[in-house]
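These are the residues of each chain, in order.
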Amino acid sequence: MAYKIPLFNLNFDEREARAAYDTIKSGWISTGPKNAALEQMFIDMWHVQYAVSMTNCTSALHTCCMVCGFGPGDEVICPSLTFAASCNCIRYVGATPVFADIIGPEDLNIDPADIERKITPRTKGIIVVHMAGFPARMDEILEIARRHGLKVIEDACHGPLSEYGGRKLGTLGDCAAFSFFSNKNISTGEGGMFITDNEEMAAKARLIRSHGMTTMSYQRASGHATEYDITCMGYNFRMDDIRAAIAIEQLKKLPEDLQARAIVRQRYLDRLGGTEGIVIPFAGNNEFVSNYIFPTVLSGSDRARRDVIRERLHAAGIQTSVHYPAVHRFSTFRDCKAVLPQTEYVADNEITLPMYAALTPEQTDFICDTYKTAIQ
Ligand SMILES: Cc1ncc(COP(=O)(O)O)c(C=O)c1O
């Protein structure tokens, strides 16, 4: 069905098309100068020391787990209200995900108090997901991590340029991962970025990205190197230069795109705020954020009712989504036997409304009016 108002639309124009075309015409399409330029943009815009481009956020998260040294026998605490990649990455290195609950419908991020409860002598790290681009309670989480000697990975793929106390999300923990999947704030189809301030982690990430090889094809082709050694286990996590060229154009547009999204969010808050039966998470947030999505949670409700309400919005031509089905309920994770009441409530009662820079005030009002009618 073609929706009257889709959940998301690509902020693409001839600039992305031109960047891809020019890269193809340049004769170098695999990882090369465009990736290097994109990494430098991240370093400059995030005020971070190192950036390593990746095939996607999943490979960046896998790399995070490797450079943090997680392995068999280790436990890593993560949320369940996330996309499976935030938890699967722990399994890729043979460690065990331990799910912590979220704070609740008003704050969909991981609960520091539950992190603390889930710590055992085997715990080695915490993966934080900044839901919808809103910062998790990093002061408390970093304090817990310091006290227990744990590594902190930020899955910041919802929050490019989001801030926490003036610092960019992704620069607070040991290392972080971003996604350029098509529906993200920076879209290239597939793509991702690993960032860190830790020199050793960055060097390892660069090796992991390309089979553990000490030089890349571009360095050899351009005469900067003739040989390579393979010094560790690695993968092919490289992003090609066609996508990197698109990402550069997307990143140039990002600050303006996020300003427009903030206006859309404010209109939603004005129209939906205070509506009985609808909670708007992070309503009190004062930080600059990416507004990757606009989540809402029904109060005093259940899954069957949520699905009926979504169906009514669908019938009116409004596309919605659910962020997220709880990961711990998927059959592959069932053995973990996690008890996460807040996560389960939100997973059953969340409705994500359309969010993108080009959403007009009239469209936003139509969504809000339709939603208010649909919950009656
Ligand atoms: C929170 C979160 N983490 C990780 C990922 C994985 O990103 P990618 O598709 O770039 O691997 C996603 C993608 O939707 C996500 O939403």
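Here the structure is a predicted model, which is why all the values come from computation and not from measurement.

All right, on to the site of the ligand then. Around the ligand sit 14 residues, and of these Asn56, Cys57, Thr58, Phe83 and Ser179 come closest. Contributing elements (two or more residues each) for the shell around the ligand: helix H3 (57-67) and helix H4 (85-92). Partitioning the shell around the ligand into residue classes produces 6 nonpolar, 7 polar and 1 charged.

Attention now goes to the pairing of strand S13 (residues 294-298). Judged by how many residues are buried, S13 sits mostly within the fold: 5 of 5 residues are covered. In S13, alternate side chains face the same way, and those of Phe294, Thr296 and Leu298 on one face and Pro295 and Val297 on the other are all buried. Of the pairings in the sheet, the one linking strand S12 (residues 278-279) to S13 comprises 2 bridges and is antiparallel in character. Bridging from a neighbouring strand, Ile278 pairs with Leu298 of S13.

Turning our eyes to something else, we now look at the packing of H3 against H4. Between two packed helices, the angle of one axis relative to the other and the distance separating the axes together describe the packing. Their axes nearest at 8 Å, the elements H3 and H4 cross at an angle of 45 degrees. Taken together, H3 and H4 sit at an angle that is classed as oblique. Judged by the twist between their axes, the crossing of H3 over H4 is right-handed. Across from Cys57, Thr58, Leu61, His62 and Cys65 in H3, the residues of H4 making contact are Ala85, Ser86, Cys89, Ile90 and Tyr92. In terms of residue class, the contact of H3 with H4 is made up of 7 nonpolar, 3 polar and no charged.

With that settled, consider the packing of helix H10 (residues 303-315) against helix H12 (residues 361-374). Between H10 and H12, whose axes approach to 9 Å, the crossing angle comes to 140 degrees. By the angle between their directions, the pair H10 and H12 is classed as oblique. Of the two possible hands of crossing, H10 and H12 adopt the one that is right-handed. On H12, the residues touching Ile309, Arg312 and Leu313 of H10 are Thr370, Tyr371 and Ala374.

Assignment of secondary structure puts Asp74 in the loop between H3 and strand S2 (75-79). C-beta crowding within 10 Å serves as the criterion here: with 18 such atoms nearby, Asp74 is assigned to the partly exposed category. In this structure the C-alpha to C-alpha distance between Asp74 and Arg122, which are 48 residues apart in sequence, comes to 5.3 Å. Discounting residues that sit within four places of it in the chain, Asp74 has contacts with Ala95, Arg122 and Lys124.

This paragraph deals with H12. Between the first and last C-alpha of H12 there are 20 Å, a value that for 14 residues agrees with the 20 Å anticipated at 1.5 Å per step. Those residues of H12 that sit buried are Thr364, Ile367 and Tyr371. End-on, the buried residues of H12 take up no more than an arc of 60 degrees, which puts them together on one face. Exposed and facing more than 90 degrees away from the buried side of H12 are Pro361, Glu362 and Thr373. In the core, the buried residues of H12 are packed alongside helix H9 (241-272), H10 and strand S14 (350-353).

Turning to the pairing of strand S11 (residues 192-196), a few remarks are in order. Of all 5 residues making up S11, 5 are buried, and the element is well covered by its neighbours. Where strand S1 (residues 50-54) and S11 come together, 5 bridges link them in antiparallel fashion. Bridge pairing links Met54 to Gly192 in S11. Alignment of strand S10 (residues 175-179) against S11, held across 5 bridges, turns out to be antiparallel. Bridge pairing links Phe178 to Met193 in S11.

Our next topic: the domain arrangement of the protein chain. Segmenting the protein chain into domains produces domain 1 (14-250) and domain 2 (254-374). Here the C-alpha centre of domain 2 lies 25 Å away from the C-alpha centre of domain 1. Contacts between the two partners involve 30 residues from domain 1 and, on the opposite side, 31 residues from domain 2. Mapped by element, the contributors of at least two residues to the side of domain 1 that touches domain 2 are strand S4 (102-104), strand S5 (107-110) and strand S8 (163-164). Ranked by residue count, the leading element in the side of domain 1 that touches domain 2 is S4, at 3 residues. Residue classes in the side of domain 1 that touches domain 2 are distributed as 16 nonpolar, 9 polar and 5 charged.

At Leu254, H9 shows its largest kink, close to 50 degrees, and the proline Pro255 lies no more than four residues downstream. Of the residues trailing H9, Gly274 is marked for its positive phi of about 80 degrees.

Topologically, Pro97 is positioned in strand S3 (residues 96-100). Put simply, Pro97 and Ile77 are 20 residues apart on the chain and 5.9 Å apart in space, counted from C-alpha to C-alpha. Non-local contacts of Pro97, meaning those with residues more than four positions away in its chain, are made with Val76, Cys78, Cys87, Ile90 and Arg91.

Reading the values: the criteria
Residues numbered from 1 in each chain as written. Predicted model: local features only at pLDDT ≥ 70, side-chain atom pairs only at ≥ 80, totals over all residues. Near = placed C-beta within 6 Å. Helix = DSSP H or I, 4+ residues; strand = E, 2+ residues; numbered from the N terminus. Nonpolar A, V, L, I, M, F, W, Y, C, P; charged D, E, K, R; others polar. Buried ≥ 20, exposed ≤ 12 C-beta atoms within 10 Å, placed from the backbone. Pairing = 2+ DSSP bridges. Axes fitted to C-alpha atoms, helices over the stretch in contact; angles between N-to-C directions. Parallel < 35°, antiparallel > 145°, perpendicular 65-115°, else oblique. Left-handed = near helix turned anticlockwise from the far one by under 90°. Contact = placed C-beta atoms within 7 Å. Expected span 1.5 Å × (residues − 1). Arc of directions from axis to C-beta. Domains from an automatic or database assignment. Bend = angle between axes of the 7 residues up to and from the residue.

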